[in-house]
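Residue-level listing of the chains:
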Amino acid sequence: MAVGSDDMFNCIGGACCPGKQWGVFSGFFFALVVLAGGALRAFGGIDGGKSASKSSVPLQIGGNHDAGEAIVQEPLASFPLTNQSLVKGMVCPHCLGRGASQGCCESGCMGNLCALVGKLSSCFQRQPILSEHKDFQSLIPRPFFLPSLLLRPDLDGEHVLFLSKLLAMLSCTPLTQDAQEDLAAFWQELQLEEKTLVQFFSSKGCDTSFDLPESGLSLYILNSLPSNTVATMQNILGMPRTTLDDQAVDKLLEGIPFSGWVGKDGSLFTFTKYAQFDPGWTTSLFYYIAVKTGLIKKAEMPPHQPIDLSLWDKFTVIMNGDWGTGYWQDGAKDCPAKQVMASIQRHRADIAVHLGDEYYAGTNTTVAGAPGEEATHFSDLWDPRTQYSFALGSNHGMYDGENGLVHQTLASPTFAAQGGTSIFVIKTRYWNIVGLDSARDNPSTLFEVGYIGQNQITLLQQVGADGKKVMILTHHNALSLDGKERMPIWSQVVKALGRDPDYWVWGHKHIGTAYSSFSAAGNTKAFCFGHGAIPVGVASQLLQADGSFIPQVTYYAHTPLPDPDIAQEKRVMNGYALFDFNGDSVMVQMYNQLGQLEWNSGTAGNAAGKQINLEELGQ
């Protein structure tokens, strides 16, 4: 039986599988507060698992302390918190500096001593511990800083609720041979990534020669779900056991600074939302499993119709990718996605293109039937103030079979010109701008490697015969991150088109990069603009030993995030790009999230010799 995400659960509790339900149970977390410099306020009164009201007298740990005085640590057992607990009355240094006395939550501080209590309190965003005090990390007693607890998935969240009903469905739906093979490849990939991550964190000095895996802790996180859920996943899905336990994870990550570690591709390994240790990446894999087992079917789309703008010879296109994070509180700042959109709105562009990825899984609806992540994290917020908007299919959107893309984004009036399909051709006087869906027919595990099907090959053959200049847009990267190798999709496109495209723009990799003619792109002008919203650091892979760009890169967006807190110290700014078309020529401009121009193709050599000081970013 194959059903879409809207109706896949109609038989739950009904005739399909009466009486079978797979529950998930809320876990518990811990909290502590340690502050020097004045009275230390920590937990409000906790009685029987219920949080204290705002009027309660907060419990003080260790009494009052002068600056520099030793901090008294209460044993963890003295705080018997339950899943219903809300910890209030906590004041971080940022709030103390503002004279707050009611605790961070009550005083409006969203950032963020709050990481250790983020799992308990719905009024806290899940953030790393941070403070304006640079030595704050040394004040946190390490016995209480347990990464294994920060990695616990939200057992009351939408993803785990989805898993519960998914397992109920699968308990009465035998897996096909294809599904078993797909799941076996999936589990093997997670096992390999776990092994690679362990090697990385076990290496002395955090050897950055490893390509750090996105899902390196996923098996551990999945195996940390309630035991009955784990047993069901093992029995029905063949999920393997993790090689890690809580103690092993805490040991591996015991030296992690609050600002995290940065992989050579710029990936940020910390507990910040959307960074690599965010459990949401793992729980979104439940939707991928539903697609691969046939319980979510791929959304149907109509044939594409060309968008005729043949009279246009001067126009501007804004592009950014991987922007679909929704709006979340990034410490004391607005999140990158919100800042990027505010900056985009200040331009007078004609067309806006999102290069794909709506997180975590681009879902169409919630289990209860409300609009899902595709709407709440992307289409409801997308407002570039342009005449036309377009959106590409992507790997994260395929986790829900592109149902979110089709039924939320492409059904929105904002994207009406796209005609309800993820493939499009914008025909102007001198250009064919071709939007491909590199995820829809993708056979790779987790849809990670770009691929196009026969209908898109046929489309490219028609475009190639047109004689106009061609700009290809895909979500997946056409070159390796360092620009030294062509990905398989390159040969697919070139063979169908009959030649190299004039321009190729993609997202997927969370960097903003202009590749040079020394890259594998050759004479094709190639760009990656996947730095729309995901928190990242400097991609050292794009740098030479002296800090200058490698020959394959003309420019790489690397401006440090201004005025960072302790959790943001290694981050660089996100951004977007502007393409000014004038006849058969194009000028490309790269902007950061604050709307500041960083680079443009019309200024020869403006990136030559540009150096990045990694020491200033703590890398």
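Reading guide: rules and limits
- Residues numbered from 1 in each chain as written.
- Predicted model: local features only at pLDDT ≥ 70, side-chain atom pairs only at ≥ 80, totals over all residues.
- Heavy atoms only, no water.
- Helix = DSSP H or I, 4+ residues; strand = E, 2+ residues; numbered from the N terminus.
- Buried < 20%, exposed > 50% of the residue type's maximum accessible area, 1.4 Å probe, protein only.
- Areas by Shrake-Rupley, 256 points an atom, 1.4 Å probe, with all protein chains shown as cover.
- 1 Å grid on protein atoms, 1.4 Å probe; cavity = no way out; pocket = protein on both sides within 12 Å on 5 of 7 lines; lining within 4 Å.
- Points joined across faces, edges and corners; volume = space filled by probe spheres on them.
- Nonpolar A, V, L, I, M, F, W, Y, C, P; charged D, E, K, R; others polar.
- Core = buried A, V, L, I, M, F, W, Y, C linked by side-chain atoms within 4.5 Å.
- Contact = heavy atoms within 4.5 Å.
- pLDDT = per-residue confidence, 0-100.
- Pairing = 2+ DSSP bridges.
- Axes fitted to C-alpha atoms, helices over the stretch in contact; angles between N-to-C directions.
- Salt bridge = Lys/Arg side-chain N within 4 Å of Asp/Glu carboxyl O.
- Expected span 1.5 Å × (residues − 1).

### Re the overall build of the protein
- Along the protein, the regular secondary structure elements total 16 helices and 20 strands.
- The proportion of buried residues among the 619 residues of the protein is 59%.
- On the protein, roughly 23,700 Å² of surface is accessible, and the fraction owed to carbon and sulfur atoms is 49%.

### Notes on the layout of surface pockets
- What the second largest pocket holds in volume is close to 890 Å³.
- Around the second largest pocket sit 39 residues that line it, and L212, E214, D265, E448 and K509 are the ones nearest its centre.
- Counted by class, the lining of the second largest pocket contains 17 nonpolar, 14 polar and 8 charged residues.

### Some points on the nonpolar core
- One finds M471, L473 and F579 to be the most contacted residues of the largest nonpolar core, which totals 97 residues.
- In terms of residues, this core owes the most to one element, helix α16 (residues 488-497), which gives 6 residues.
- Residues in contact with F579, not counting those within four places in the same chain, are F315, T316, V317, M319, M471, Y503, V505, F527, F529, V586, M587 and V588.
- Judged by nonpolar contacts, the second largest core, of 35 residues, contains M169, F186, Y287 and I296.

### Digging into the confidence of the model for the protein
- Mean pLDDT for the protein: 79, with 72% of residues reaching 70 or above.
- Note on residues 1-144: pLDDT under 50 across the span, and 296 contacts to partners over four residues away in sequence or across chains.
- Low confidence marks residues 604-618, where pLDDT is under 50. Its contacts with residues over four positions away, or in another chain, come to 30 contacts.

### Let's talk about the sheet that holds strand β16 (residues 525-529)
- Read from one edge to the other, the open sheet built from 8 strands follows the order β5-β11-β12-β13-β14-β16-β15-β17, with strand pairing classed as mixed. Edge positions in the sheet fall to β5 (307-309) and β17 (553-556), since each of these pairs with one other strand and no more. On average, adjacent strands in this sheet sit at an angle of 15° to one another, irrespective of strand direction.
- Strand direction decides the pairing type here: strand β11 (residues 424-428) and strand β12 (residues 431-435), joined by 4 bridges, are antiparallel. Bridge assignment links F424 to a residue of β12, and that residue is G435.
- Strands in contact with helix α15 (residues 454-464) are β11, β12 and β13 (469-474); relative to β12, the strand with the most contacts, it is inclined by about 170°.

### Thoughts on the pattern of salt bridges
- What the rule picks out here adds up to 9 salt bridges.
- Between K298 and D441 there is a salt bridge, and its shortest N-O distance comes to 3.6 Å. Taken as a pair, K298 in the loop between α10 (285-292) and β5 and D441 in the loop between β12 and α15 lie far apart in primary sequence, 143 residues in all.

### Some details on unusual backbone geometry
- Y360 follows Y359 through a cis peptide bond whose omega is 0°.
- Position of Y360 relative to the elements: it lies in the loop between β9 (351-354) and α12 (373-379).
- Of note in this structure, Y274 is not a glycine but carries a positive phi near 70°.
- Within the secondary structure, Y274 sits in the loop between β4 (268-269) and α9 (280-283).
- In this structure, H508 takes a positive phi of about 75° despite not being glycine.

### Description of helix α4 (residues 158-170)
- Taking 1.5 Å per residue, 13 residues should reach 18 Å; α4 reaches 18 Å between its end C-alpha atoms and fits that length.
- When you tally the buried positions in α4, you get 10 out of 13 residues, the bulk of the element.
- Listing the buried residues of α4 in full gives H159, V160, F162, L163, S164, L166, L167, A168, M169 and L170.
- If you follow the buried residues of α4, they end up packed against α7 (227-237), α9, α10 and α12.

### Notes on the pairing of β16
- Within β16, 4 of the 5 residues are buried, which leaves it mostly tucked inside the rest of the structure.
- The sheet contact formed by strand β14 (residues 503-506) and β16 spans 4 bridges and is parallel. Across the sheet, V505 pairs through a bridge with F527, a residue of β16.
- Bridging between strand β15 (residues 512-515) and β16 involves 3 bridges; their strand directions are antiparallel. For T513, the partnering residue across the bridge sits in β16 and is C528.

### A word on the sheet that holds β9
- Taken in spatial order, the 6 strands of this open sheet run β10-β9-β6-β18-β19-β20, and their pairing is mixed. Across the chains shown, the open sheet's two edge strands, defined by having one partner strand only, are β10 (388-391) and β20 (597-600). Each neighbouring strand pair of the sheet contributes to a mean axis angle of 20°, computed without reference to strand direction.
- Here helix α11 (residues 336-344) sits on the sheet in contact with β6 (314-320), β18 (575-582) and β19 (585-592), set at roughly 25° to β18.

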